Amino acid sequence: SLSGTMQHAVVALLLATARAARVATPTKDDRIQAQQDAAGTQRIFAEQCRRDRSEATCDTHWARWVDMRARDLVRRRSYNEPVVMAPSLSSNDVPLSYDHVPCGETLDPITKCDEAVVALGVVSASTNQAHRSAIRETWLRAPGKFGVAYRFFLGIPGNGLIPAAEMSIHRDIHIVNVTESYKATWHKVRAIFHWGANTCGAWYVLRANDDVYLRLEATVAGLYKAGPPSRVYAGLFVDPNTMHVPRIDTIPQAPEGISDDDWTRANKAWVVSRAEYPADRYPPFAQGNAYILSRDLAKHVATMTSSRPLPDDVEVGLLIDGVTGGNFVRVDVAADYATEGRWSPCRPESAWHFNLHPEHMYDLHSAEPDVLWYEYGFEVDGGRVLLGWDDREDLDAFASLVASDHGLVGEGCHGAAADTCAGGRLAAALRAAPVVSSPDRCSRVPEGVFCCG
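Notes on the structure in this doc start here. (Residues numbered from 1 in each chain as written. Predicted model: local features only at pLDDT ≥ 70, side-chain atom pairs only at ≥ 80, totals over all residues. Heavy atoms only, no water.)

Some points on the overall build of the protein
So, step 1. Regarding its fold elements, the protein presents 14 helices and 15 strands.
So, step 2. Each of the 453 residues in the protein was classed as buried or not, and the buried ones make up 53%.
So, step 3. Of all intrachain contacts in the protein linking residues separated by at least 6 positions in sequence, the fraction that spans at least 24 positions is 78%. (Helix = DSSP H or I, 4+ residues; strand = E, 2+ residues; numbered from the N terminus. Buried < 20%, exposed > 50% of the residue type's maximum accessible area, 1.4 Å probe, protein only. Contact = heavy atoms within 4.5 Å.)

This is the structure:
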């Protein structure tokens with residue numbers, strides 16, 4: 001039976017590398033550096049936020065955003081993966097092929113996907129290693145458990161350099177022969193549907209951005225309930241009555257001190273003229289942060305072309321509307337998203353969360369009911385340090401990093417080995433820490449963070 005075949009595929013893909021997740025309090029220097037790094041975007045952030053929020057609320061959101069950046073600095077110090085960019089590849093504005101560009105037998109992806117229920121392709125870029133690491137360590141830790149095979153899809157930067165060290169360690173990066181740019185997204189999407197529908201032959205193909213958090217178990221369960229995998233189109237659908245086609249003249253004038261280019265990019269990356277698309281509204285389409293097509297529809301996307309400057313989610317919506325005459329199986333997925341400037345809070349019933357900083361993925365992961373999450377706090381230099389980690393963490397390595405970051409000195413620890421000694425004392429305390437219960441999936445996510453992708 002179809003159900004039996006799909007369940008067999010889940011069992012066949014139970015090959016996942018254990019990955020740990022952790023959260024650590026930034027140091028004072030981290031916070032200062034994060035504030036400096038983020039200063040250039042604070043004005044645009046504030047202008048967008050104050051459209052429908054109070055100044056005090058926006059200040060609070062900004063502080064949380066800076067804290068996420070500070071936490072990211074801590075995490076980058078803990079990476080044991082070297083950032084090596086090689087080899088140098090040439091690229092095209094339009095790919096000659098959507099297959100992976102051969103980079104060498106130690107770098108090419110080795111995804112086994114011939115028995116996948118869902119082929120997941122994540123749109124990413126060479127510079128977004130923090131997003132990919134967060135995804136691997138949180139919601140994509142055990143994709144095979146749910147019959148999901150995945151790859152990250154990257155273009156080639158102008159300098160031709162790709163993240164070789166990361167590619168050699170994880171073997172899950174698909175290089176598309178297209179020059180990296182925002183407009184290259186459309187070609188990455190075509191590569192995703194080509195790989196998922198034609199190479200893998202998966203029942204479904206899921207296209208996602210790298211700033212999302214997807215609950216795979218709930219996602220696959222929703223697809224099973226939809227019936228046969230034919231004409232299925234799933235995601236967070238946009239109401240055509242409220243989503244107007246963005247025109248350049250509908251963007252408010254840039255506030256003083258912000259350039260027109262920066263303001264336009266921050267508000268609408270995809271504005272189109274009436275000559276390019278004359279109607280005022282699009283047909284129903286699923287938001288491009290993540291959406292799913294059954295294999296029959298995915299094959300259409302894999303071969304389609306477009307000369308219009310429309311985002312891929314709109315183009316796919318137009319294509320599906322055309323090839324099905326509007327008669328497709330719509331599967332609505334509950335998702336949290338900042339829609340038309342209105343920020344949605346985290347909802348425990350949501351299967352998907354969009355527009356996330358990588359650190360927010362760890363917050364969501366720590367509150368999952370099937371994750372064993374531990375916490376330990378202590379005072380140092382008049383400040384509170386709070387550590388969090390899951391059951392896959394290397395506590396000795398984690399404790400050593402924290403001891404070094406915060407200059408901890410353990411009782412009875414002296415000399416050149418003081419850091420190691422203090423780390424050992426802290427590791428012992430971490431091993432004795434209790435599991436922290438989570439009231440719900442959003443219990444550790446501050447209100448209003450979903451605007452910070």
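A short note on the sheet that holds strand 1 (residues 22-24)
So, step 1. With respect to topology, 3 strands assemble into an open sheet ordered 1-15-14, the strand pairing being antiparallel. Looking at the sheet topology across the chains shown, the edges are occupied by strand 1 and strand 14 (373-380). With direction set aside, neighbouring strand axes in the sheet form an average angle of 10°.
So, step 2. In terms of strand pairing, strand 1 meets strand 15 (residues 383-390) through 3 bridges, oriented antiparallel. Opposite Val23, over in strand 15, you have Gly388 as the bridge partner. (Pairing = 2+ DSSP bridges. Axes fitted to C-alpha atoms, helices over the stretch in contact; angles between N-to-C directions.)

Focus: the pattern of salt bridges
So, step 1. For the structure shown, the criterion picks out 23 salt bridges.
So, step 2. Close ionic contact of Asp59 with Arg50 constitutes a salt bridge, the shortest N to O distance being 3.9 Å.
So, step 3. Asp59 gets classed as partly exposed once you look at its relative accessible area, which sits at 42%.
So, step 4. For Arg76, the salt bridge is made with Asp72, and the minimal N-O distance between the two is 2.6 Å. (Salt bridge = Lys/Arg side-chain N within 4 Å of Asp/Glu carboxyl O.)

Examining the side chain of Arg22
So, step 1. Examined against the element boundaries, Arg22 turns out to sit in strand 1.
So, step 2. Using a relative accessible area of 13% as the deciding quantity, one classes Arg22 as buried.
So, step 3. Side-chain polar atoms of Arg22 contact the side chain of Glu393, separated by 2.6 Å.
So, step 4. Those residues in contact with Arg22 that sit more than four places away from it in its chain are Arg75, Ser78, Tyr362, Trp373, Gly388, Trp389, Glu393, Asp394, Ala397, Phe398 and Leu401. (Polar contact = N/O pair within 3.5 Å; in protein donor to acceptor, adjacent residues only side chain to side chain.)

Quick word on helix 10 (residues 295-303)
So, step 1. Of the positions making up helix 10, those classed as buried are Leu297, Ala298, Val301 and Ala302. In a view along the axis of helix 10, the buried residues occupy a sector of 150°, so they form one face of it.
So, step 2. Buried residues along helix 10 sit against helix 7 (185-200), strand 7 (204-209), strand 9 (232-238), strand 10 (285-294) and helix 11 (312-324). (Arc of directions from axis to C-beta.)

Overview of the packing of aromatic side chains
Geometrically, a pair of aromatic rings is defined through the distance of the ring centres and the angle of the planes.
So, step 1. Applying the stated criterion to the full structure yields 13 aromatic pairs.
So, step 2. Centroid distance Tyr150 to Phe152: 5.7 Å. Interplanar angle 80°. Geometry classified as edge-to-face.
So, step 3. Since its relative accessible area comes to 10%, Tyr150 is described here as buried.
So, step 4. Geometrically, the ring pair formed by Tyr277 and Tyr282 is tilted, given 4.9 Å between the ring centres and 55° between the ring planes.
So, step 5. For Tyr277, a relative accessible area of 9% corresponds to the buried category. (Phe/Tyr/Trp six-rings, centres within 6.5 Å; stacked < 30°, edge-to-face > 60°.)

As for the sheet that holds strand 8 (residues 213-214)
So, step 1. Taken in spatial order, the 3 strands of this open sheet run 8-13-12, and their pairing is mixed. Strand pairing shows two members of the sheet lacking a second neighbour, strand 8 and strand 12 (335-336), which therefore form its edges.
So, step 2. Alignment of strand 8 against strand 13 (residues 352-353), held across 2 bridges, turns out to be antiparallel. From the neighbouring strand, Tyr213 faces strand 13, where its bridge partner is His353.

Observations concerning empty space enclosed by the protein
If a probe as big as a water molecule is rolled over the atoms, it shows which places are left empty.
So, step 1. Within this structure, the stated rule accounts for 1 cavity of 30 Å³ or more.
So, step 2. Roughly 50 Å³ of internal volume is contained in the largest cavity.
So, step 3. For the largest cavity, the full set of lining residues is Arg22, Val23, Ala24, Arg71, Val74, Arg75 and Glu359.
So, step 4. Residue composition of the lining of the largest cavity, by class: 3 nonpolar, no polar and 4 charged. (1 Å grid on protein atoms, 1.4 Å probe; cavity = no way out; pocket = protein on both sides within 12 Å on 5 of 7 lines; lining within 4 Å. Points joined across faces, edges and corners; volume = space filled by probe spheres on them. Nonpolar A, V, L, I, M, F, W, Y, C, P; charged D, E, K, R; others polar.)

Focus on unusual backbone geometry
So, step 1. The backbone of Arg231 sits at a positive phi, close to 55°, despite the residue not being glycine.
So, step 2. Within the secondary structure layout, Arg231 lies in the loop between helix 8 (216-225) and strand 9.
So, step 3. The class of Arg231 is partly exposed, set by a relative accessible area of 32%.
So, step 4. Residues other than glycine seldom take positive phi values, yet Asn355 does so here, at roughly 60°.
So, step 5. Positionally, Asn355 belongs in the loop between strand 13 and helix 12 (358-366).
So, step 6. Given a relative accessible area of 17%, Asn355 falls into the buried group.

So, the side chain of Thr219
So, step 1. Tracing the backbone through its elements, the reader meets Thr219 in helix 8.
So, step 2. Of the residues examined, Thr219 reaches a relative accessible area of 7% and is grouped as buried.

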